[in-house]
Amino acid sequence: MSDYSYEIKISGEAEAPATLKLTLDVTDSGLGRDTVTFTLDLLEAGQQVKYSKSMVSFDDNRDGAVNKNETVGLTVWIRNDARGEWIDNVKGVFTTQDEAVEIKVGQADFGGRLYRGEEAYGDSTAHGGGPNYSVSFHVGDVEPGHIIDFELELFWDGGGRTKTRFQVEVKATGAHLALDRTIVIKDDNDDETINTGEDVSLQVWVKNDGTGDANGVTGDVSTTSDAVEQMIFTHADFGVISAGDTVEGACDHPGENECTASFTFRFKVKENTPAGTKIPFQLDLADDQGNQWGIPFEKTVEKHKGDLRFERAVVYKDDNDDELISQNETIQLNLAVKNHGTSRADSVTAVLSTQDQDVQKITKPNADFHTLGSNDIEYGDNTDPGGTASYSFEFVVADGVGTGDTLDFLLTMHDEHMNEWTDTFSLEAADHPGNPIMDRTECYQTDGCSMTGHIPRNTSSVKIRVWLTNSCTNPCRLDGLRGTLTSSSSHVNIHARQADWPTMAGGDTEYGRCYHVDPSCTTSGFSFILNVFDTASSGESIPFDLELMDETRNKWTIRFYLVVD
């Protein structure tokens, strides 16, 4: 048997290098016929320089393979099997007829001298490429298994020239994406769980457990669950996920300021969704090469774990600003609530009530405590007409309440989902600390009456000033203090017996302003108008009683004496 099937004779006029296209007609014994077309490279006499091997030097996802929709750098080796000892300065040009492939850098330098039997790899540096590859090209959207045919035309010194061919296969990406974990990064009550009616921001981590990178990864989440009222932000950017790496997704929604890198997806759970409800989600991932991965996961709706209780109360404002609770006073109370639970309570409101007879009435019983996270303490802002954020509640203390008496209250609280908490607390009352005492008396614009503590006889109307001192220590202000002057002596007639003292802080000394119906009281420079009859003896001490009461009905009585001149 011969070592060949056909013998082909090449005309001496043929120019090398060239490609010969041959056709073979095949007929079988049953007279069936077929045609096979193939090509042969025509080389210059004595020259056999050809493709040897290739290796991926770089690619977009670094898996060392040619994938669809990526740019690849290929290092190509050639081998010199020519009859001569060597060839010098071999250069090459890469081409392809594959419409799915675009050559970026297609020229390479294979070195200065290549001896027979040696191999050399191409360096594209001289042609705008890099020293780590021979040819770079971009692969279009083709399926794995696609074969790319390349032609490499080689040139060297002395006019040497030849063509050689090789193939590269497009393979499936080496990246493989899987769900790593999900956590609730933000929810309405900050317990990192999903509760009924909540707006939930979810953080999602994806792991690449493959051999290649996944570049430009994006994800979309969806659900078919009736427990979800709205999918708010459903698109996220995972960027580059290198082989072996885990990356958290960043919410990506153009034009939405609320969509930030702090979470991946956001959705709202329907009100009244029962605890224990499981919500199924589908995460669809894709990279910039068009590779896709579908990943299912689920999250569970859990029970609210807030625990709201009374924390403390302070008097914000009372009638005399002594920060004490006294009889007949209107008290504005600042009240604090603490969340002892692990779930945040949102839009908390509270109502203050009481059955205690020492409370005359609660005039402003409603307050807003806003949001209480776990271990948070918040003071309430009153929400009744005329109320303000300066205090929580307002009530009036009944008459006769004194030191040591306690006022009992019930506090009822709700959050935005109508979870309810109740707590009780008590406040202690005290007597008013103000202490008006006599400072001095003096005559006012009356002839023969200049000595303090003395009064003339036989004068029809003597105007006197009565000076009082509030001898307590601040804060103990006396407000609306009013006095009525009487005397048990038959030698005295009091024409104008009532006077007001301006507001007196602790340590203040003021004289009373007459406010009796006597027309003379229109002048504010004195306290009372009186006269002493002739029946009084000179040097006699006349007793007077000044009965005082402030605006909250606290009472004091002061006795003093005036000496008859």
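Residues numbered from 1 in each chain as written. Predicted model: local features only at pLDDT ≥ 70, side-chain atom pairs only at ≥ 80, totals over all residues. Heavy atoms only, no water.

Peer 1: How do you make sense of unusual backbone geometry when you look at a structure like this?
Peer 2: Apart from glycine, the bulk of residues carry a negative phi angle, and the bulk of peptide bonds sit in the trans form. Phi at Asn69 is positive, roughly 55°, even though this residue is not glycine. Here Asn69 is to be found in the loop between strand 3 (49–59) and strand 4 (71–80). Of note in the backbone geometry, Ser347 takes a positive phi value of approximately 50° without being a glycine. Structurally, Ser347 can be placed in strand 26 (residues 345–353). (Helix = DSSP H or I, 4+ residues; strand = E, 2+ residues; numbered from the N terminus.)

Peer 1: Could you clarify how one ought to interpret the environment of Val170 in this entry?
Peer 2: Note that Val170 resides in the loop between strand 13 (160–169) and strand 14 (177–186). Val170 sits in the buried class, given a relative accessible area of 1%. Each C-alpha atom, one on Val170 and one on Gly145, is 5.4 Å from the other, the two residues being 25 residues apart in sequence. If we skip the residues at most four places from it in the chain, Val170 touches Val66, Asn67, Lys68, Val139, Val142, Glu143, Pro144, Gly145, His146 and Ile148. (Buried < 20%, exposed > 50% of the residue type's maximum accessible area, 1.4 Å probe, protein only. Contact = heavy atoms within 4.5 Å.)

Peer 1: Just checking my understanding: could you explain the packing of aromatic side chains for this structure?
Peer 2: Aromatic ring pairs are defined here through the distance separating the ring centres and the angle between the ring planes. In the structure shown here, the tally under the stated rule is 18 aromatic pairs. A ring pair is formed by Phe94 and Phe166, whose centres lie 6.2 Å apart and whose planes are at 85°; its orientation type is edge-to-face. Here Phe94, found in strand 6 (residues 91–95), pairs with Phe166, found in strand 13; they are 72 residues apart in sequence, far enough to count as distant. Three or more aromatic residues link up through ring pairs in this structure, and these residues are Tyr51, Phe94, Phe137, Phe150 and Phe166. Here the basic side chain of Arg181 rests over the ring of Trp205, its NZ or CZ set 4.0 Å away from the ring centre. It is Arg465 that lies over the ring of Tyr511; its NZ or CZ is 4.3 Å from the centre. (Phe/Tyr/Trp six-rings, centres within 6.5 Å; stacked < 30°, edge-to-face > 60°. Lys NZ or Arg CZ within 6 Å of the ring centre and 35° of its normal.)

Peer 1: Quick question: what am I supposed to make of the state of the cysteines here?
Peer 2: Between two cysteines, a covalent bond joining their sulfur atoms is known as a disulfide. The full count for this structure, using the stated rule, is three disulfides. One disulfide bridge connects Cys251 with Cys259, the sulfur atoms lying 1.9 Å from each other. Across the S-S bond linking Cys251 and Cys259, the dihedral sits near -110°, which makes this disulfide left-handed. Using a relative accessible area of 7% as the deciding quantity, one classes Cys251 as buried. (Disulfide = S-S within 2.5 Å.)

Peer 1: What am I meant to see in the sheet that holds strand 16 (residues 214–222) here?
Peer 2: The strands that make up a sheet pair up through hydrogen bonds in the backbone, lying either parallel or antiparallel. Pairing within the open sheet is antiparallel, and its five strands lie in the order 20-18-16-22-23. Edge positions in the open sheet fall to strand 20 (250–251) and strand 23 (292–300), since each of these has one partner strand only. Judged from the five bridges that link them, strand 16 and strand 22 (residues 278–286) form a sheet pairing that is antiparallel. By the bridge assignment for strand 22, Thr218 is matched with Ala286. (Pairing = 2+ DSSP bridges.)

Peer 1: How should the sheet that holds strand 13 be read in this particular structure?
Peer 2: Taken in spatial order, the four strands of this open sheet run 8-6-12-13, and their pairing is antiparallel. Two strands close off the open sheet at either side, each with one partner strand: strand 8 (107–109) and strand 13. Strand-to-strand twist in this sheet, taken as the mean axis angle between neighbours without regard to direction, amounts to 25°. Here three bridges tie strand 6 to strand 8, and the two strands are oriented antiparallel to one another. Residue pairing across strands places Gly92 opposite Ala108, the latter belonging to strand 8. (Axes fitted to C-alpha atoms, helices over the stretch in contact; angles between N-to-C directions.)

Peer 1: I'm lost on the pairing of strand 25 (residues 330–339) in this one. Help?
Peer 2: Each regular strand carries side chains that alternate between the two faces of the sheet. Across the 10 residues of strand 25, nine count as buried, placing the element largely inside the fold. Where strand 25 and strand 31 (residues 393–397) come together, four bridges link them in antiparallel fashion. From the neighbouring strand, Thr330 faces strand 31, where its bridge partner is Val396. Here strand 25 runs beside strand 29 (residues 377–379); their pairing, made up of three bridges, is antiparallel. Residue pairing for strand 29: Lys338 is matched across the bridge by Ile377.

Peer 1: How should I be thinking about the environment of Asn419 in this particular structure?
Peer 2: Among the structural elements, Asn419 can be located in the loop between strand 32 (406–414) and strand 33 (420–428). What makes Asn419 partly exposed here is its relative accessible area of 27%. A sequence separation of 115 residues divides Asn419 from His304, and the C-alpha atoms of the two residues are 8.4 Å apart.

Peer 1: Looking at this model, I keep getting lost on the side chain of Asn80. Mind explaining?
Peer 2: Position of Asn80 relative to the elements: it lies in strand 4. From its side chain, Asn80 meets the backbone oxygen of Leu114 in a polar contact 2.9 Å long. The contacts of Asn80, once residues within four sequence positions are left out, are Gln48, Val49, Trp86, Ile87, Leu114, Tyr115, Arg116, Gly117 and Glu118. (Polar contact = N/O pair within 3.5 Å; in protein donor to acceptor, adjacent residues only side chain to side chain.)

Peer 1: Explanation requested: the pattern of salt bridges in the structure shown.
Peer 2: A complete count under the given rule lists 27 salt bridges for this structure. Across the pair Asp479 and Arg477 runs a salt bridge whose closest N-O atoms are separated by 2.6 Å. Across this residue pair, the class does not change: Asp479 and Arg477 are buried. Linked through salt bridges whose partners overlap, the residues forming this network are Lys317, Asp321, Arg477 and Asp479. (Salt bridge = Lys/Arg side-chain N within 4 Å of Asp/Glu carboxyl O.)

Peer 1: Teacher, can you tell me more about the environment of Asn291 here?
Peer 2: Take Asn291: it is sitting in the loop between strand 22 and strand 23. The exposure class of Asn291 is buried, given its relative accessible area of 12%. Sequence separation between Asn291 and Gly212 is 79 residues; the distance between their C-alpha atoms is 12 Å.

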